[in-house]
Amino acid sequence: MSDLQMRVSDEDRERTTQQLQQAFSEGRLTPSELDERLGLALSAKTYGDLLELVADLPSPQPQVSDVVELGSGNGNVKRSGDWAVPRRLRVSSKYGSVELDFTEAVVPHQVVDIELDLTYGSAKIILPEGAVANVDGFQSDWGHPTSKVPSRPRPGVLSVVITGRSRYGGLTVRYPRRRWFTH
């Protein structure tokens, strides 16, 4: 049995009706289309039935908190892959390093603020190609901030503003490394 033939729950039906109502409020569905699809959603028996009703609509964006705090006393702080990026990220690490990889992340905001509080570790921030980063608000007592990406904001491009401090470490902002021998 495929996943599309699996029976749905009331919660699955409710989630689909909310997506349909959102599409209507955005002007993507007419009132008659909404009524028809809501009736079909409430009587759907399988995932295939529900998916058919929303296949021509944009996927709902994941809800992202406005501010997220990440911290570690002795370990490293790392985010990579498919993760939801908040509008403001506060990261503290006493003895470990920080690595934030935005290349596969879901970033619903055009501007993301990152506040770093590092004691003995360094931070590495990897941005998708074309993104920009301003590191002017970051200070390091012993290391130094290094940015290999442009800093001037541009319309339609992810802009990261990095502030904070590191006592004995540095900051590196770069694009992903290119792989020469991939198949």
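Structural notes, computed from the coordinates. No experiment lies behind these values; they were computed from the predicted model shown.

**A closer look at the overall build of the protein**
Right, so step 1: Counting its secondary structure elements, the protein contains three helices and ten strands.
Right, so step 2: Ordering the α and β elements of the protein from the N terminus gives α-α-α-β-β-β-β-β-β-β-β-β-β.
Right, so step 3: On the principal axes, the C-alpha backbone points of the protein span a range of 65 × 40 × 35 Å.
Right, so step 4: Within the protein, buried positions represent 36% of all 183 residues.
Right, so step 5: Counting contacts in the protein only where the partners sit at least 6 residues apart, residues at least 24 apart contribute 65% of the total.
Right, so step 6: Of the roughly 11,500 Å² of accessible surface on the protein, a fraction of 48% belongs to carbon and sulfur atoms.

**Thoughts on the environment of Gly170**
Right, so step 1: Looking at the secondary structure, you find Gly170 in the loop between strand 9 (159-166) and strand 10 (171-174).
Right, so step 2: Measuring from C-alpha to C-alpha, the distance between Gly170 and Ala123 comes to 6.4 Å, with 47 residues separating the pair along the chain.
Right, so step 3: Beyond its immediate stretch of four places on either side in the chain, Gly170 contacts Gly121, Ser122, Ala123, Ser140, Gly143 and His144.

**With respect to the packing of helix 1 (residues 10-25) against helix 2 (residues 31-42)**
Right, so step 1: Relative to each other, helix 1 and helix 2 sit at 175°, their axes nearing to 9 Å. The orientation of helix 1 with respect to helix 2, classified from their angle, is roughly antiparallel. Mapping the contact onto sequence places Arg13, Thr16, Thr17, Leu20, Gln21 and Phe24 in helix 1 and Pro31, Leu34, Arg37, Leu38, Ala41 and Leu42 in helix 2.
Right, so step 2: Taken together, the residues of the contact of helix 1 with helix 2 break down into seven nonpolar, three polar and two charged.

**Observations concerning helix 1**
Right, so step 1: Between the first and last C-alpha of helix 1 there are 23 Å, a value that for 16 residues agrees with the 22 Å anticipated at 1.5 Å per step.
Right, so step 2: Looking only at helix 1, the buried set comprises Asp12, Arg13, Thr16, Thr17, Gln19, Leu20 and Ala23. Taken around the axis of helix 1, the buried residues stretch over an arc of 160°, which confines them to a single face. Of the exposed residues in helix 1, the ones pointing more than 90 degrees away from its buried face are Asp10, Glu11 and Ser25.
Right, so step 3: Elements that come into contact with the buried residues of helix 1 comprise helix 2 and helix 3 (47-54).
Right, so step 4: Trailing helix 1 by a residue or two, Gly27 shows a phi angle of about 85°, which is positive.

**Things to note about helix 3**
Right, so step 1: Those residues of helix 3 that sit buried are Gly48, Leu50, Leu53 and Val54.
Right, so step 2: On the buried face of helix 3, the contacting elements are helix 1 and helix 2.

**A short note on the sheet that holds strand 9**
Right, so step 1: Taken in spatial order, the five strands of this open sheet run 1-3-5-9-7, and their pairing is parallel. Two strands lie at the open edges of the sheet, namely strand 1 (67-72) and strand 7 (132-140), each paired on one side alone. The sheet shows a mean angle of 10° between the axes of neighbouring strands, taken without regard to direction.
Right, so step 2: Pairing of strand 5 (residues 111-118) with strand 9, which is carried by eight bridges, proceeds in the parallel orientation. When the bridges of strand 9 are listed, Val111 appears paired with Ser159.

Reading guide: rules and limits
- Residues numbered from 1 in each chain as written.
- Predicted model: local features only at pLDDT ≥ 70, side-chain atom pairs only at ≥ 80, totals over all residues.
- Heavy atoms only, no water.
- Helix = DSSP H or I, 4+ residues; strand = E, 2+ residues; numbered from the N terminus.
- Buried < 20%, exposed > 50% of the residue type's maximum accessible area, 1.4 Å probe, protein only.
- Contact = heavy atoms within 4.5 Å.
- Areas by Shrake-Rupley, 256 points an atom, 1.4 Å probe, with all protein chains shown as cover.
- Axes fitted to C-alpha atoms, helices over the stretch in contact; angles between N-to-C directions.
- Parallel < 35°, antiparallel > 145°, perpendicular 65-115°, else oblique.
- Nonpolar A, V, L, I, M, F, W, Y, C, P; charged D, E, K, R; others polar.
- Expected span 1.5 Å × (residues − 1).
- Arc of directions from axis to C-beta.
- Pairing = 2+ DSSP bridges.

Just geometry here; none of it tells us what the structure is for.
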